[in-house]
Amino acid sequence: MITRIATDRLAIVSDLHLGNPFSDVRAKTVAFVDWVSREGFDLCINGDGFEVTQLSFSRVSRDVPDVLRALKMAMQRGTKVYYVVGNHDIVFEHFLNDWGGFKLAPFLNVESGSRRYRVEHGHLYDPFFVSSPRLYDFCTWMGGFLLKVHPRFYRLWIRFERLRSRLRAERERGIIGEHPNFLAAASELEARGFDGVVFGHTHHGGRVELPGGGWYLNPGSFMLSSNFVKIVEGRLELSSFGGKHG
Amino acid sequence: MAQGLEFIHYQDGECIFQEGDTTQEMYVVQSGEVVIRKENRGEPLTLAVLRRGEFVGEMSLLESLPRSAHAYARGPTKLLRIQAGGFLLKIRRDPTFAFELLQALSRRIRTKNEQLIAALSQGNLSEAKKILENEA
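Counting from 1, residues in each chain are numbered in the order their sequence is written. Working convention: letters from A go to chains and numbers from 1 go to ligands, in the order in which they are written. With the structure being a predicted model, the display of local features is reserved for residues of pLDDT at least 70 and the display and counting of side-chain atom pairs for 80 or more, all residues being used for whole-chain, interface and lining totals. With hydrogens and water stripped out, all remaining heavy atoms of the structure feed into the side-chain values.

Novice: What is the right way to look at the overall build of chain A in this model?
Specialist: Each helix corresponds to a stretch of at least 4 residues labelled H or I by DSSP, and each strand to a stretch of at least 2 residues labelled E; elements are numbered beginning at the N terminus. Regarding its fold elements, chain A presents seven helices and 12 strands. Compactness check: chain A gives a C-alpha radius of gyration of 17 Å against a globular reference of 18 Å for 246 residues, within 12% of the reference. Projected onto its principal axes, the C-alpha positions of chain A cover 45 × 40 × 35 Å. Relative accessibility under 20% of the residue-type maximum defines a buried residue, over 50% an exposed one, and the middle range a partly exposed one, all with a 1.4 Å probe and only protein chains included. Considering chain A as a whole, with its 246 residues, one finds that 54% of them fall into the buried category. Note on contacts: a residue pair is in contact if any heavy atoms of the two residues lie within 4.5 Å. Nonlocal contacts in chain A, meaning residues at least 24 apart in sequence, comprise 69% of its contacts between residues at least 6 apart. With an accessible surface of roughly 11,000 Å², chain A has 54% of that area assigned to carbon and sulfur atoms. A positive count includes Lys and Arg, and a negative count includes Asp and Glu. His and the chain ends are not counted in either. A single reference atom marks each charge: NZ on Lys, CZ on Arg, CG on Asp, CD on Glu. Computing the positive centroid from 31 side-chain charges and the negative centroid from 27, chain A places the two 5 Å apart. C-alpha atoms define the radius of gyration in this analysis, and the globule rule sets the expected value at 2.2 Å times the number of residues to the power 0.38. Per-residue and other accessible areas follow the Shrake-Rupley method at a 1.4 Å probe size, with only the shown protein chains counted as cover for residues.

Below is the structure:
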């Protein structure tokens, strides 16, 4: 299991949830993987790339083979693909490891230039997931039925989280929609010698400056936006994928 | 900063701790470098140079034993000091800290084993003894 990599160019995307009724990112993901590979980036899928808990078999059969094929072609061109395990795809860990090509990691410490960044899915800092994992799983599974009724229910949930975040007294400087724990966790990591931290999991994108001058970035879910994080020669940036032009 | 944690700044060459000290904090290198040295029959021996993100002094925290080597700052150095009381709190708030600590310890054991096996397979008992003494 690797946790430490050195790279000049890394593109990080998270929460594709391929196989989820709400996830309609097959074409965008294939185009993105192709673009990443042709631009000379390595790729990191920062958790929840594949869906288990809210699985739709028809979506899996429609979407997953094309994406895996695109990833395989990228790897044949020399692109390194790192897969950081999330909470929705943790049961796929052995499969992803054995499928070949992916470099699986619980998290990544990325060295680029003189900078050091942590890339991690972030579910370990979700207070609901940590305090009540079974209830969390059950609620996620129940949510899957709502998504089968109409996938757009998910957008309502995202709007609710953003509203709650704006109303929450302790929001302070965090990413809107996120629990303050994620910013606190990023600050803890910065204190251990990281210049920046990249999480996924929350599906809320944004960037926040950390107490020591570093940055916490979350690209949000690739289902909801085309944002990704890129590390280029030590620089950490939030970027947006615009189809064939990147 | 959470309880049991604080940043400490050191100048170039400043001593962080000496062999035999009974202090029990551990450190994480936030910036700069830490040189670990040991006296070996009167000769100073550099055991390691620790950089950003690496751990210093964890053996004394975990085992409550005196320091086994000297530690000095190389260049301006900023360390995150973790005291025994804050250690478990740190693990709770930052679980990958424990993972990386275990990785570091595993790496050290494996490296020492490889060095020991190499020395013994060459019949170099004095080298093997030096490796074991540096562990003590």
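Next, the rest of the story.
Novice: How should the pairing of strand β3 (residues 26-40) of chain B be read in this particular structure?
Specialist: Two faces belong to every sheet, and in a regular strand the side chains alternate between them. Residues and elements named next belong to chain B. With 11 of 15 residues buried, β3 is to be regarded as a mostly interior element. The sheet contact formed by β3 and strand β6 (residues 70-82) spans 10 bridges and is antiparallel. The partner of Tyr27 across the bridge, within β6, is Arg81. Paired strands, in this sense, are two strands between which DSSP finds at least two bridges. Here β3 pairs with strand β5 (residues 55-56) via two bridges, running antiparallel. Bridged to Tyr27 within β5 is Val56. Taken together, β3 and the strand that follows it, strand β4 (residues 43-50), pair antiparallel across an intervening segment of two residues, in which Arg41 is found at a positive phi of about 55°.

Novice: Even after reading the chapter, I still don't get the packing of helix α2 (residues 84-93) of chain B against helix α3 (residues 95-121) of chain B, so can you show me in this structure?
Specialist: Think of two packed helices as two axes; the pair is described by the angle between the axes and how far apart they sit. Residues and elements named next belong to chain B. Axis definition: a line fit to C-alpha positions, over the contact stretch in the case of helices; interaxial angles, taken between N-to-C directions, run 0 to 180 degrees. Where α2 contacts α3, the axes come no closer than 4 Å and their chain directions differ by 110°. As the angle between them shows, α2 and α3 are arranged roughly perpendicular. Contacts from Phe87, Lys90, Ile91, Arg92 and Arg93 of α2 reach α3 at Pro95, Phe97, Ala98 and Leu101. Here the word oblique covers every angle except those under 35 degrees (roughly parallel), over 145 (roughly antiparallel) and from 65 to 115 (roughly perpendicular).

Novice: Whenever I open this one, a positive patch on the surface confuses me. Can you help?
Specialist: All names here are of chain A. A cluster of like positive charges, contributed by Arg152, Arg155, Arg159, Arg162 and Arg166, occupies part of the molecular surface. Inspection of the secondary structure assignment puts Arg155 in helix α6 (residues 153-167). The class of Arg155 is partly exposed, set by a relative accessible area of 30%. Patches draw on residues past 30% relative accessible area with no salt bridge. Two like charges within 9 Å are joined, as are two nonpolar side chains (Val, Leu, Ile, Met, Phe, Trp, Tyr) within 5 Å. Basic side-chain nitrogens of Lys or Arg form a salt bridge, by our definition, when they fall within 4 Å of a carboxyl oxygen of Asp or Glu.

Novice: What exactly am I supposed to notice about the interface of chain B and chain A here?
Specialist: In many reports, interface size means the accessible area that the parts give up when they come together. Chain B puts 20 residues into the contact, and the matching count from chain A is 20 residues. Summed over both partners, buried area is the accessible surface (1.4 Å probe) that two parts give up on being assembled. Interface area lost by chain B to chain A is led by Arg52, Thr96 and Glu100 of chain B, which between them contribute 35%. Where chain B packs against chain A, one counts six salt bridges. A salt bridge links Arg118 of chain A to Glu100 of chain B; the shortest N-O distance between them is 2.5 Å.

Novice: Would you mind showing me how to read α6 of chain A here?
Specialist: Given 3.6 residues per helical turn, the α-helix brings residues three or four places apart onto the same face. All names here are of chain A. With 15 residues, α6 should cover 21 Å at 1.5 Å per step; its first-to-last C-alpha distance of 21 Å lies within 8% of that length. Every buried residue of α6 is listed here: Tyr154, Ile158, Glu161 and Ser165. Buried residues of α6, seen end-on, are gathered within an arc of 60° and therefore sit on one face of the element. Every exposed residue of α6 that faces more than 90 degrees away from the buried side is listed here: Leu156, Arg159, Arg166 and Leu167. Against α5 (133-149) lie the buried residues of α6. Multiply 1.5 Å by the residue count of a helix minus one, and that product is the helix's expected span. Directions drawn from the helix axis to the C-beta atoms are what define this arc.

Novice: Quick question: what am I supposed to make of the sheet that holds strand β6 (residues 108-112) of chain A here?
Specialist: The strands making up a sheet associate through hydrogen bonds between their backbones, and the pairing can be parallel or antiparallel. Residues and elements named next belong to chain A. The strand order across the open sheet built from six strands is β1-β6-β7-β8-β10-β9, with neighbouring strands paired in mixed fashion. Across the chains shown, the open sheet's two edge strands, defined by having one partner strand only, are β1 (4-6) and β9 (206-209). Mean inter-strand twist for the sheet, computed between neighbouring axes without regard to direction, equals 20°. Two elements, β1 and β6, share three bridges in a ladder whose sense is parallel. Bridge assignment links Ala6 to a residue of β6, and that residue is Glu111. Packed onto the sheet, helix α7 (residues 180-190) meets β7 (115-119), β8 (196-198), β9 and β10 (215-218) and runs at close to 135° relative to β10.

Novice: What exactly am I supposed to notice about α2 of chain B here?
Specialist: Among the residues of α2 of chain B, Gly86, Phe87 and Lys90 of chain B are the ones counted as buried. Summarising the axial view, the buried residues of α2 of chain B lie within an arc of 120°, below the 170-degree limit, and thus occupy one face. Among the exposed residues of α2 of chain B, those pointing more than 90 degrees away from its buried face are Gly85, Leu88 and Arg92 of chain B. Buried residues along α2 of chain B sit in contact with α7 of chain A together with β1 (5-10), β3, α1 (58-63), β6 and α3 of chain B.

Function-wise, these values are silent; they only describe arrangement.
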